[in-house]
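Topology and contacts: notes
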Amino acid sequence: MPSLKDLKNRIESVKSTRKITKAMQMVAAAKLRRAQESAVSARPYAEQMQSVLGNLASSAADSASAPKLLSGTGADDVHLLIAATSERGLCGGFNSSIVRLVRAEANRLTESGKTVKILTIGKKGREQLKRDFAGAMVGHVDLSGHRRIGYQNARDIADDVLNRFEGGEFDVATIYFSRFKSVISQEPSAQRLVPASVDPSAEGERNFYEYEPGENEILAELLPRALATQIFTALLENAASEQGARMTAMDNATRNAGDMIDKLTIIYNRSRQAAITKELIEIISGAEAL
Amino acid sequence: MASSMRFELVTPEKSLASVLADAVDIPGAEGEMTAMPDHASVLTTLRPGFLKVRADGSKAEYMVTGGFVEITDSSVTVLAETVVPAEDATREQVARFAEAAETEVANSSGSDRDLAEKRLGEFRALQSALPR
């Protein structure tokens, strides 16, 4: 039976934990709103990019001169998995769920005889993936110094990926991130980057364009940008998901701390009462003995 | 016949403008062009330069560093990488872009190098066009 003093200390410590989780929840809520705003304002560009790309790709994909970024290398042997996770923990199952998806995919590819390379964005995913795929890690991007993710971050990553592609390091690249559905629901998803996945719905309305300069020149400029845009979208979705996941996790933590405080308080009061009763009995029996 | 068209200016980070316009001057890769309503559908790349939008007598100018323009009979959509309102554009800013282009020239080779050099030249031209 813990002493009254011990119980009191524990209640105090849980109370201060609750204060911290409550504060983190509120910070996450504020950050979430900002992250959601930037995700929403980045959407028009990404959508336009997809529709322009869809238009161009449908007319250029069949020709033999189509850029490799669009048509692929013709092989399907080396896969680059880009795992986008967060830099900080305490956000529930956010990182684990992305890592689980990447791990399952990596194992599936290895079993079917393909080579897997992993590029990680964010410290948390790297820590977890390093254990199982130490040999497959080809790079890591650290975003911890950036408070807000800008397009430049995405471009740097895209440049890195493009350099690797040109160097013949991989045939297929896929990015794994968490799609933000709502505050309580984030869905780990995959998006193929190379060869570029063209949204078939964008091909619905075909416009016939004149191209200045030629189609292939435009494609050559457009594809790297489309890649950067897709990475940017993924990073923004990820940022919003991370804050959403953290908010939910911290909300739960706050509630659990509250429950725990209630329970401990009851135990504390009971033992206090028991101690008082015991003392009274001692006094009364002492008086009777006289 | 449409008398005006929708002009949209979007960057990767946000949408900057979405207005009805009468005419838009575009610094296309193959030369300046002006898009007016009922223009033929064109898809072109941008070179560093000024984008001028005219609507109802008012006029807006933006400095762009590159990107794409999609012109249809009823809309002009500009997908630009970096946009600076013209009144805020300074020589120092352009100098920074030129510097980035310079490193690109130094780091590339072959046809990429030619492209980068061309870009650098365009930035230099833009720089001298701006008032001090």
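As a reminder, the structure under discussion sits directly above these lines.
Worth saying up front: this structure is predicted, and the values here are computed from it rather than measured. (Residues numbered from 1 in each chain as written. Chains lettered and ligands numbered in written order. Predicted model: local features only at pLDDT ≥ 70, side-chain atom pairs only at ≥ 80, totals over all residues. Heavy atoms only, no water.)

**So, the packing of aromatic side chains**
All names here are of chain A. Taken as a whole and assessed by the stated rule, the structure comprises four aromatic pairs over all chains. A centroid spacing of 6.5 Å and a plane angle of 70 degrees characterise the contact between Y45 and Y151, whose relative ring orientation is edge-to-face. Residue Y45 is found in helix α2 (residues 43-60), and its partner Y151 is found in helix α6 (residues 151-166); the two are separated by 106 residues along the sequence. Take Y151: its relative accessible area is 5%, and that puts it in the buried class. Plain terms: the ring middles of F165 and F170 are 5.5 Å apart, the flat faces sit at 45 degrees to each other, and that makes the pair tilted. (Phe/Tyr/Trp six-rings, centres within 6.5 Å; stacked < 30°, edge-to-face > 60°. Helix = DSSP H or I, 4+ residues; strand = E, 2+ residues; numbered from the N terminus. Buried < 20%, exposed > 50% of the residue type's maximum accessible area, 1.4 Å probe, protein only.)

**Remarks on empty space enclosed by the protein**
Residues and elements named next belong to chain A. In this structure the tally under the stated criterion is one cavity of 30 Å³ or more. When its volume is computed, the largest cavity comes out at roughly 50 Å³. Forming the boundary of the largest cavity are L69, L193, A196, L223, A226, L227 and Q230. The leading source of residues in the lining of the largest cavity is helix α7 (residues 215-289), at four residues. When grouped by side-chain class, the residues that make up the lining of the largest cavity number six nonpolar, one polar and no charged. (1 Å grid on protein atoms, 1.4 Å probe; cavity = no way out; pocket = protein on both sides within 12 Å on 5 of 7 lines; lining within 4 Å. Points joined across faces, edges and corners; volume = space filled by probe spheres on them. Nonpolar A, V, L, I, M, F, W, Y, C, P; charged D, E, K, R; others polar.)

**Section: the pattern of salt bridges**
Per the counting criterion, the structure on display carries 14 salt bridges over all chains. With a shortest N-O distance of 3.6 Å, K181(A) and E187(A) are connected by a salt bridge. Because the salt bridges share partners, they merge into one network encompassing R155(A), E221(A), R225(A) and E81(B). (Salt bridge = Lys/Arg side-chain N within 4 Å of Asp/Glu carboxyl O.)

**What to know about the pairing of strand β8 (residues 67-72) of chain B**
Residue and element names in this part refer to chain B. Along β8, six of the six residues are buried, which leaves the element largely enclosed by surrounding structure. The alternating pattern of β8 places G67, V69 and I71 and F68, E70 and T72 on opposite faces, both of which are buried. Where strand β5 (residues 42-46) lies against β8, five bridges are found, and the strand directions are antiparallel. Pairing of V42 across the sheet is with I71, part of β8. As paired elements, β8 and strand β9 (residues 75-80) share six bridges and run antiparallel to each other. Note on β9: the bridge partner recorded for T72 is S75. Here β8 folds back onto β9, and the loop between the two strands holds two residues. (Pairing = 2+ DSSP bridges.)

**Quick look at the layout of surface pockets**
The volume enclosed by the second largest pocket comes to roughly 850 Å³. In terms of lining residues, the second largest pocket is bounded by 29 residues, among which K31(A), H146(A), R147(A), E242(A) and Q243(A) are the most central.

**Quick word on the sheet that holds strand β2 (residues 115-121) of chain A**
Residues and elements named next belong to chain A. Read across the sheet, five strands follow the order β3-β2-β1-β4-β5 without closing on themselves; strand pairing throughout is mixed. Every interior strand has two partners, whereas the edge strands, β3 (137-141) and β5 (185-194), have only one. Put simply, the sheet's adjacent strands are angled 25 degrees from each other on average, direction ignored. In this sheet, strand β4 (residues 172-182) lies alongside strand β1 (residues 78-84) in parallel orientation, the contact comprising five bridges. (Axes fitted to C-alpha atoms, helices over the stretch in contact; angles between N-to-C directions.)

**Focus: the side chain of T44(B)**
Tracing the chain through its elements places T44(B) in strand β5. Sequence-distant contacts of T44(B), that is, excluding residues within four places in its chain, are made with E212(A), I218(A), G28(B), A29(B), M33(B), G67(B), F68(B) and V69(B). (Contact = heavy atoms within 4.5 Å.)

**Description of the interface of chain B and chain A**
Many analyses report the size of an interface as the accessible area lost when the parts associate. Listed per partner, the contact involves 25 residues of chain B and 24 residues of chain A. A buried area of about 2200 Å², summed over both sides, lies between chain B and chain A, and 60% of it is on carbon and sulfur atoms. Taken as a group, P12(B), L43(B) and E81(B) account for 29% of the area that chain B buries against chain A, more than any other trio of residues on that side. The tally of links from chain B across to chain A stands at two salt bridges. Where R155(A) meets E81(B), a salt bridge forms, and the shortest distance between an N and an O atom there is 2.5 Å. Linking chain B to chain A there are five residue pairs in polar contact (both at pLDDT 80 or more). Every element with two or more residues in the side of chain B that touches chain A is listed here: β5, β8 and β9 of chain B. The element best represented in the side of chain B that touches chain A is β8(B), accounting for five residues. By residue class, the composition of the side of chain B that touches chain A is eleven nonpolar, nine polar and five charged. (Buried area = accessible area lost by both parts, 1.4 Å probe. Polar contact = N/O pair within 3.5 Å; in protein donor to acceptor, adjacent residues only side chain to side chain.)

Coordinates in, geometry out; function isn't part of it.
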